[in-house]
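Listed here are the chains, written in short residue letters.
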Amino acid sequence: MPEIKVTPLGAGQDVGRSCVLVSIAGRNVMLDCGMHMGYNDDRRFPDFSYITQNGRLTDFLDCVIISHFHLDHCGALPYFSEMVGYDGPIYMTHPTKAICPILLEDYRKITVDKKGETNFFTSQMIKDCMKKVVAVHLHQTVQVDEELEIKAYYAGHVLGAAMFQIKVGCESVVYTGDYNMTPDRHLGAAWIDKCRPDLLITESTYATTIRDSKRCRERDFLKKVHETVERGGKVLIPVFALGRAQELCILLETFWERMNLKAPIYFSTGLTEKANHYYKLFITWTNQKIRKTFVQRNMFEFKHIKAFDRAFADNPGPMVVFATPGMLHAGQSLQIFRKWAGNEKNMVIMPGYCVQGTVGHKILSGQRKLEMEGRQILEVKMQVEYMSFSAHADAKGIMQLIRQAEPRNVLLVHGEAKKMEFLKQKIEQEFHVSCYMPANGETTTIFTNPSIPVDISLGLLKRETAIGLLPDAKKPKLMHGTLIMKDNSFRLVSPEQALKELGLAEHQLRFTCRVHIQDPRKEHETALRVYNHLKGVLKDYSVQHLPDGSITVESILIQATAHSEDQGTKVLLVSWTYQDEELGSYLTSLLKKGLPPSTS
Amino acid sequence: MSRQCALLLPRVCAALADPRQPGSDDTCLEKMLDWFRELREGEPTEKLLQDNPCLTEFFSSVLALPEPNPSILSFTLRLAGILAAAEDCFQHLQQRQLLVRLFGEGGPLSSAAWEDASVRSGWVEGVHSMVQHQPALHFICSGGGIDVVFTLQGDPSLFVASAASRLLVHMLTLSVGPEVTLPLNAKDCDWPACAQMIVKHIEDSLQSSSASHIKQSLKLLTSLFGSCQATWTKVLWLGVAKQVESFLTEDSVQAQHMLPDLLLNMARSPVFRDTEGSFWALVTSALEHLTPLQAGPLAVGILKLFQCPQDVRIQALTVLLQPMDCILRAASQPLEYAGLVDESVSDPSTVENLLSSKSSCASLLCQTLAHLEELLSVAYLRVDLPSATLVRSVVIILQFCNGLLIPASPLGSKISQILIGCFRVQRSALDALAALSQWKRCDTVVESLFDVLLAYLESPNTSPTVLKKSFQAMAKWLVHLLHKSFKKQRQTEKSLQDVLLVLQKRLCSPCWEVRDSSLEFLTKLIACLRDQDEFRQSLLSSEVPKLTENLLEDPESYVRASAVTAVGHLAFLTYFFFPESPVAGNQYNKENTVAKLQEILSTDPEVFPRRAVMSIFTMWLQQCCTGELEETERFVSRVIQITERDLDWEVRLGCLEMVQIFTIYMFCRFGLPECPYTPVPSAVTSSISWCEPLQIFCRVKLFGFLFRSLCDCDKPVGQKACDILLALKSHFCQSSMIDSQGSGDLAAGRGIPWLQRTLRQGSLAENFSTGGGNGVDFEDPESMMLALRTIDFEELHSDLNKCSDHVEKSPQSLLEDILAAVGTIEENEADCY
């Protein structure tokens, strides 16, 4: 039975690093190739040695698909393609291809910055990896090979994020990556057509959460920033170069405009230009509002947000600074934090997740005395706020997507086990489909029942429907014909048509049987006795005695010959076609009983 | 364990065992285990348990939980295993019945938590850590634990199954011990109890009718022979050899694909390698019976062995060459072709069938080509590769793939139909072709080789990845042949012209990947062939240099960066090494190029081109191409001025590297220790004062840049600056010089204490003005001399090295983080990137 196999190497019951292997109709695809920011050793990458026990990766995997540019989805890609040795095709959307290298460079920088970090990809490797990437458009069907095709759908979440449909023949899988079912300030909502895949692999970060209105969170954020600035304090917002930063920039820009605020807003390290360049370049990937107003005013050309110079940090008076990196673990954001932490008038707003060990993680968990580089204790007096702006579908959104795509099975990844369990039950109850949640390293096998469309010739259809009851669209009907499988298509035609098309001659198969009877007479006399006997018994059939002495009953032929050793025994050779099989067996059994006493 | 950690640990244990607390971040638990592993290395474990009774209490508390969190339970099992690895600690935990409750039948094994793969994984890993001594081995074997491990070999989780297999290998090795000599007869062998159980399990599984059991045992044997080379492994093998051999021919089991790895691991072990012919007979039989796709990895492994019978090698080579032979045959007239392999040794029909099937043709060719490429990189290959014929066959494959050759033979036409447009095979073939350039005796087929490569480079259907590989292969062959016998090979010269024409076209490609690969190709050629007159003339008389310069303004930053590198290399041809070159006309003006690159360095919004400029400038300086002293001084001064406020730390670091070379260059010039970069050591001019370099450094504003960099927010920059300052100090502050200079006047030293203090605080940062506002004149040689003498750069250096990033790696920080996370809002944890 055809089957689809799914093995997460990452994101199976966790939100660490996404990497899901899918086998569908003999094709092997890797979905995402992410890294875990919480580790500094081999554990940060998925263990690729499990992909294939024998043979080369490039021979085993047909392609790699990257859903979006976040590092937990693409961070291991250069390692995989340039160091582990995968040399096959990699697919992602155009914006993802453009933005990926920036984040990978950022990550590399942070990593090599750390002492003793070897065995790591270089800038050249990132470039070589990106040159292997085939960029795809939304809704474009891309043929990976003759049978495997993929198609991208809009996923919201971040610029360029996509869900991918993977299809081989009539079997298909949809992988959502991370997605968001509600539009935000710069992106639209995820959308997919009713593609009825055999399997939907969906993220489940917020499996049990119904998120509060985003407007409340935004209002809260603006209020906090505004209050701090009003009392003359400075606001630090540590961010990663791309993604949430842009949304917050739009938010502050419009607020500043509306309230006519004068305090400066800065975005550090020149990333704003670069990031905004991409948002402008890929304007079609943003939401409707941004696209509509683009001609009058480009949302990404900020009036109030200026490039940051490190000397500005010491300027007196209020200001808001977006600085990288987002977890306060190195670089400029940490340097500014150290300067401002001692003043209770200031505030740091953490808009995203921080891994253990980082300063961001420490202050979020309430630590207020931090040892910096073993030299000094930094007392954190500034206010610390956490604001979640991560753009994932909540439980409602996930259910909505399932309703939209109508999958036959659902598999949950990128979430916590307990929450997944709850959502799994909900999905199974509401949609009556099987739902799976494999842990990392566990393989889920889904049996598919592919329905294969077959064309039928009109002549045969008419002939077949003429037999039996009138056709009923809701009931299956048995058809007889010859199935021709040619050039990837299936057609049911009449046997005559099939012979004609394929240029074949018809062969007649005949069944034969020998019946021995005791009759000392000459052969022709025995034949005559048989003829008379049959004529008497088979009144409704056409029984004929041919001039050569043989007898026919419909297509059945009977010949009498003398036994080579015993002249008293005659051998009746009975032969018949497949169509007259019933009559043929009846006749042989009749003859085996012997001839009635002579009537002549 | 430090005192602070010992104080924190009880609270951490209590928090972890508290079911009301939300599960801790998995990375924290992993890092805690890492810490305990380190502790175990450093101090007696029993003392660790005695000093920290909270650990045993933690085990008891977790065991007492009705529904423990799976990740905490898994952590508990692994931690217990790590601690119990020491025998005294094992006894300590045994006495408290903790190990039985954790790893025995009544423990998690029989609870609902066992359903969770992380718990099973924790159990296997815990046992693996623990089984380092005989009592632990006995505990697992006698308590039924070994049966659990046997079962886990077939676990639905790949991770658990694989860990179980590794554990069995470890237990078997530990049980038998390294030095045991056993009789060379499996039947009479008196295995130790645990080993006996495992050996029996292996034998039974191999004889069972279950394919999965057979595969598990084959996997176990593979990993055993791969990791253990004790003589007893042979005894074990003798017991199962017949059975394993039967799998070669038994289709029902379908275990053939597992045999190459097993046989290879055995072939690498001296235990099997040196024995009489039976093992090699099995290898030979495997090479015969396995399908070409299965036999390929075995063949390549065999050929890489140093010790192996020559006839087995020849057979392995036949396996690899057969597909290539088939290709050659398919493309030739029957009488034309002598053949690569001896057909009396091997039957080509299987390979022919595979090559004429759509589903297997590309796979077989890709695998074979990859294997050949692998072999070509082996230095001590013990067989002769027919390289010229191989080049021919690879060329034919490439011709099939782009429709250049459609042979008349049925097999050939079938293969060419399958391969046409197949990128996979194209990529593998081009890699193999590039590797073949290093091999001798290939020159006879050069013409067709260049033709096919040019066809790929010219064809609009060539994909960017294939094009890149075509360029790489072309570069290797061109360099190889031009270096070798340029004058003899007119063909090569013509090819070079053709390549330059293609390059002109490709440099204007709308696809950035293609433009970039073209520039990389050009740089590679220049780097390797810049001494070749013919190459130089051909290149400079073409349009390529002009087009390359145009790409300095490419919209794609990667391309701009590659263009910078190419232009930087071109400079060697146009004016650095051959200033009088007749072809180097006015269009190649050094000042223009330098100005252009400096403009990129100061204005390009993307990092890659700016980094590339820094690398080129450094390379120029290294090769003494920046002109006379004054010119070089101006050059360095300008670059420092542009770069010191660059937003990218790698650009700043690049500039520091250039500065480092500049300082060495100066010292050589003025007679200080020998300089690796000066082609002719300059005469020591005693009349020039040693302090002239110091004055030059001050003039180019080098000190301001270095001191500013010391406080850079990116650590590598600070470290590099410190390295350079240390070197300067050692040059300038030799005792004789100090004596001659005295201790400097007070005016010069006014700002130095401030500088010293600020550097010590490590917070120089933004308010650090190099304009003299703080009383320090960074352009005054005397002040700088004083600064070099006074400031303790050694101490600074060690501070900078102490913690190269801000992620606190100390266990104390980890424990504090775990404690601090207790009670934080759950939403923080659910969030992700």
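Residues numbered from 1 in each chain as written. Chains lettered and ligands numbered in written order. Predicted model: local features only at pLDDT ≥ 70, side-chain atom pairs only at ≥ 80, totals over all residues. Heavy atoms only, no water.

Along the backbone of chain A there are 17 helices and 30 strands. Taken over the C-alpha trace, chain A has a radius of gyration of 38 Å; the compact-globule value for 600 residues is 25 Å, which it surpasses by more than 25%. By its C-alpha atoms, chain A is 135 × 50 × 40 Å across when sized along the principal axes. By residue count, 57% of the 600 residues in chain A fall in the buried class. Here chain A has roughly 25,800 Å² of accessible surface; of this, 52% comes from carbon and sulfur atoms. Within chain A, the 68 negative side-chain charges are centred at a point lying 7 Å from the centre of the 73 positive side-chain charges. (Helix = DSSP H or I, 4+ residues; strand = E, 2+ residues; numbered from the N terminus. Rg over C-alpha atoms; globule rule 2.2 N^0.38 Å. Buried < 20%, exposed > 50% of the residue type's maximum accessible area, 1.4 Å probe, protein only. Areas by Shrake-Rupley, 256 points an atom, 1.4 Å probe, with all protein chains shown as cover. Lys, Arg positive; Asp, Glu negative; His and termini not counted. Charge placed at Lys NZ, Arg CZ, Asp CG, Glu CD.)

Counting its regular elements, chain B contains 44 helices and zero strands. Counting only residues that meet the buried cut, chain B has 59% of its 833 residues in that class. For chain B, the share of sequence-separated contacts (at least 6 apart) that also reach a separation of at least 24 residues comes to 72%. (Contact = heavy atoms within 4.5 Å.)

Next up on the list: the interface of chain B and chain A. Taken together, the 81 residues of chain B in the interface contact 86 residues of chain A. When the two sides are added together, the surface that chain B and chain A hide from each other amounts to roughly 7,400 Å², 47% of it contributed by carbon and sulfur. Inspection of the chain B/chain A interface yields 15 salt bridges. Applying the counting rule to chain B against chain A returns 23 residue pairs in polar contact (both at pLDDT 80 or more). Partitioned by chemical class, the residues of the side of chain B that touches chain A number 25 nonpolar, 17 polar and 39 charged. (Buried area = accessible area lost by both parts, 1.4 Å probe. Salt bridge = Lys/Arg side-chain N within 4 Å of Asp/Glu carboxyl O. Polar contact = N/O pair within 3.5 Å; in protein donor to acceptor, adjacent residues only side chain to side chain. Nonpolar A, V, L, I, M, F, W, Y, C, P; charged D, E, K, R; others polar.)

Here the focus is the domain arrangement of chain A. Domains assigned within chain A are domain 1 (3-210 + 391-447), domain 2 (214-386), domain 3 (454-502) and domain 4 (510-593). The C-alpha-based centres of domain 3 of chain A and domain 4 of chain A are spaced at 38 Å. (Domains from an automatic or database assignment.)

Before going further, it helps to spend a moment on the sheet that holds strand β23 (residues 455-456) of chain A. Backbone-to-backbone hydrogen bonds join strands into a sheet, with any given pair of strands oriented parallel or antiparallel. All names here are of chain A. Overall, mixed pairing links the three strands, which are arranged β23-β25-β24 in an open sheet. Of all the strands in the sheet, the pair left with one neighbour each is β23 and β24 (482-486). Inspection of the sheet shows β24 paired to strand β25 (residues 489-493) by five bridges, in the antiparallel sense. Its bridge partner being in β25, K486 is matched across the sheet by S489. (Pairing = 2+ DSSP bridges.)

What follows is about the domain arrangement of chain B. Residues and elements named next belong to chain B. Splitting chain B by domain gives domain 1 (291-423) and domain 2 (447-591 + 601-610). Facing eight residues of domain 1, the contacting portion of domain 2 comprises nine residues. Carbon and sulfur atoms make up 78% of the area that domain 1 and domain 2 hide from each other, which totals about 690 Å². Among the residues of domain 1 in contact with domain 2, V395, L398 and F423 are the three that bury the most area, contributing 55% of the side total. One can count one residue pair in polar contact (both at pLDDT 80 or more) joining domain 1 with domain 2.

Here the focus is the pattern of salt bridges. The tally for this structure, following the rule as stated, stands at 57 salt bridges over all chains. Linking D87 of chain A and K132 of chain A is a salt bridge whose minimum nitrogen-to-oxygen distance equals 3.3 Å. Of the two residues, D87 of chain A is situated in the loop between α3 (77-84) and β5 (90-93) and K132 of chain A in the loop between α5 (123-131) and β6 (133-136); the sequence distance between them amounts to 45 residues. For the pair D87 of chain A and K132 of chain A, a shared accessibility class is recorded, and that class is buried. Its salt-bridge partner being R37 of chain B, residue D34 of chain B comes within 3.0 Å of it at the nearest N-O pair. With D34 of chain B and R37 of chain B both in helix α2 (residues 26-42) and three residues apart, the pair spans about one turn of that helix.

Between α5 of chain A and helix α28 (residues 512-529) of chain B, the least distance of the axes is 10 Å, while the angle of their chain directions is 135°. By the criterion of interaxial angle, the relationship of α5 of chain A to α28 of chain B is oblique. In the packing of α5 of chain A onto α28 of chain B, the handedness of the crossing is left-handed. Along the contact surface, α5 of chain A presents Q124, K127, D128 and K131 of chain A, while α28 of chain B presents W512, E513, D516, S517 and E520 of chain B. When its residues are assigned to classes, the contact of α5 of chain A with α28 of chain B shows one nonpolar, two polar and six charged. (Axes fitted to C-alpha atoms, helices over the stretch in contact; angles between N-to-C directions. Parallel < 35°, antiparallel > 145°, perpendicular 65-115°, else oblique. Left-handed = near helix turned anticlockwise from the far one by under 90°.)

With 422 residues, the main nonpolar core has F221 and F337 of chain A together with F36, W123, F703, F707 and L728 of chain B as its most contacted residues. A162, F164, L199 and V413 of chain A belong to the second largest nonpolar core, which has 28 residues in total. (Core = buried A, V, L, I, M, F, W, Y, C linked by side-chain atoms within 4.5 Å.)

Time to look at the environment of S74 of chain B. Residues and elements named next belong to chain B. Along the polypeptide, S74 turns up in helix α5 (residues 70-83). Taking the C-alpha atoms as reference points, S74 and C511, separated by 437 residues in sequence, lie 51 Å from one another. If we skip the residues at most four places from it in the chain, S74 touches S118, V119 and G122.

Right, let's talk about the confidence of the model for chain B for a bit. All names here are of chain B. Overall, the predicted model of chain B reaches an average pLDDT of 83, with 84% of residues at or above 70. Taken together, the stretch residues 738-746 has pLDDT below 50 and engages in nine contacts with residues farther than four places along the chain or on a different chain. Low pLDDT, under 50, characterises residues 763-767; the stretch is placed with 16 contacts to residues that sit more than four places away or in other chains. Across the predicted assembly, pTM comes out at 0.84 and ipTM at 0.88. (pLDDT = per-residue confidence, 0-100.)

Next up on the list: the side chain of T93 of chain A. You can see T93 of chain A is positioned in strand β5. At a separation of 2.8 Å, a polar atom in the side chain of T93 of chain A contacts the side chain of T96 of chain A.

Residues and elements named next belong to chain B. The contact between helix α22 (residues 387-401) and helix α25 (residues 446-458) brings their axes to 10 Å, and the two run at 30°. With respect to α25, the axis of α22 lies roughly parallel. Crossing hand, α22 versus α25: left-handed. Contacts between α22 and α25 involve V391, V395, L398, Q399 and C401 on the former and, on the latter, S448, L449, V452 and Y456. Classifying every residue of the contact of α22 with α25 by side-chain character gives seven nonpolar, two polar and no charged.

Quick look at the pairing of strand β11 (residues 199-203) of chain A now. All names here are of chain A. Within β11, five of the five residues are buried, which leaves the element mostly enclosed by the surrounding structure. With burial as the criterion, each face of β11 is covered, one bearing L199, I201 and E203 and the other bearing L200 and T202. Bridge count between strand β10 (residues 171-175) and β11: three bridges; the pairing is parallel. Residue pairing across strands places V173 opposite L199, the latter belonging to β11. As paired strands, β11 and strand β20 (residues 409-413) are joined by four bridges and run parallel to one another. Bridge assignment links T202 to a residue of β20, and that residue is L412.

The full count for this structure, using the stated rule, is 39 aromatic pairs over all chains. Both rings, one in Y266 of chain A and one in F308 of chain A, keep their centres 5.7 Å apart while their planes meet at 55°; by these two values the pair is tilted. Placement of the pair is Y266 of chain A in strand β13 (residues 265-267) and F308 of chain A in the loop between β14 (305-307) and β15 (319-323), with a sequence separation of 42 residues. Each member of the pair, Y266 of chain A as well as F308 of chain A, is classed as buried. With 4.8 Å between their ring centres and 35° between their planes, Y266 of chain A and F312 of chain A make a pair best called tilted. Residue Y266 of chain A is located in strand β13, and its partner F312 of chain A is located in the loop between β14 and β15; the two are separated by 46 residues in the primary sequence. On the accessibility criterion, F312 of chain A (27% relative accessible area) is partly exposed. Between the NZ or CZ atom of R382 of chain B and the centre of the ring of F306 of chain B, over which it lies, the distance is 4.1 Å. The ring of F572 of chain B has R530 of chain B lying over it, and the distance from NZ or CZ to the ring centre is 4.3 Å. (Phe/Tyr/Trp six-rings, centres within 6.5 Å; stacked < 30°, edge-to-face > 60°. Lys NZ or Arg CZ within 6 Å of the ring centre and 35° of its normal.)

On the surface, a cluster of nonpolar side chains totalling about 390 Å² of accessible area is made up of I452, V454, L483 and M485 of chain A. Residue placement: I452 of chain A occurs in the loop between β22 (444-447) and β23. (Patch = residues over 30% accessible without salt bridge, like charges linked within 9 Å, V, L, I, M, F, W, Y side chains within 5 Å.)

What follows covers the sheet that holds strand β26 (residues 510-518) of chain A. Residue and element names in this part refer to chain A. Read from one edge of the open sheet, five strands run β26-β30-β29-β28-β27, paired in antiparallel fashion. Across the chains shown, the open sheet's two edge strands, defined by having one partner strand only, are β26 and β27 (543-545). The average angle at which neighbouring strand axes cross in this sheet is 20°, direction not considered. Relative to strand β30 (residues 569-577), strand β29 (residues 556-562) runs antiparallel, the two being bridged by six bridges. Bridge assignment links A560 to a residue of β30, and that residue is L572. In the packing of helix α16 (residues 523-537) onto the sheet, contacts are made with β26, β27, β28 (551-553), β29 and β30, and the angle to β27 comes to roughly 160°. Those strands touched by helix α17 (residues 581-592) are β26, β28, β29 and β30, and its axis lies near 170° from that of β30.

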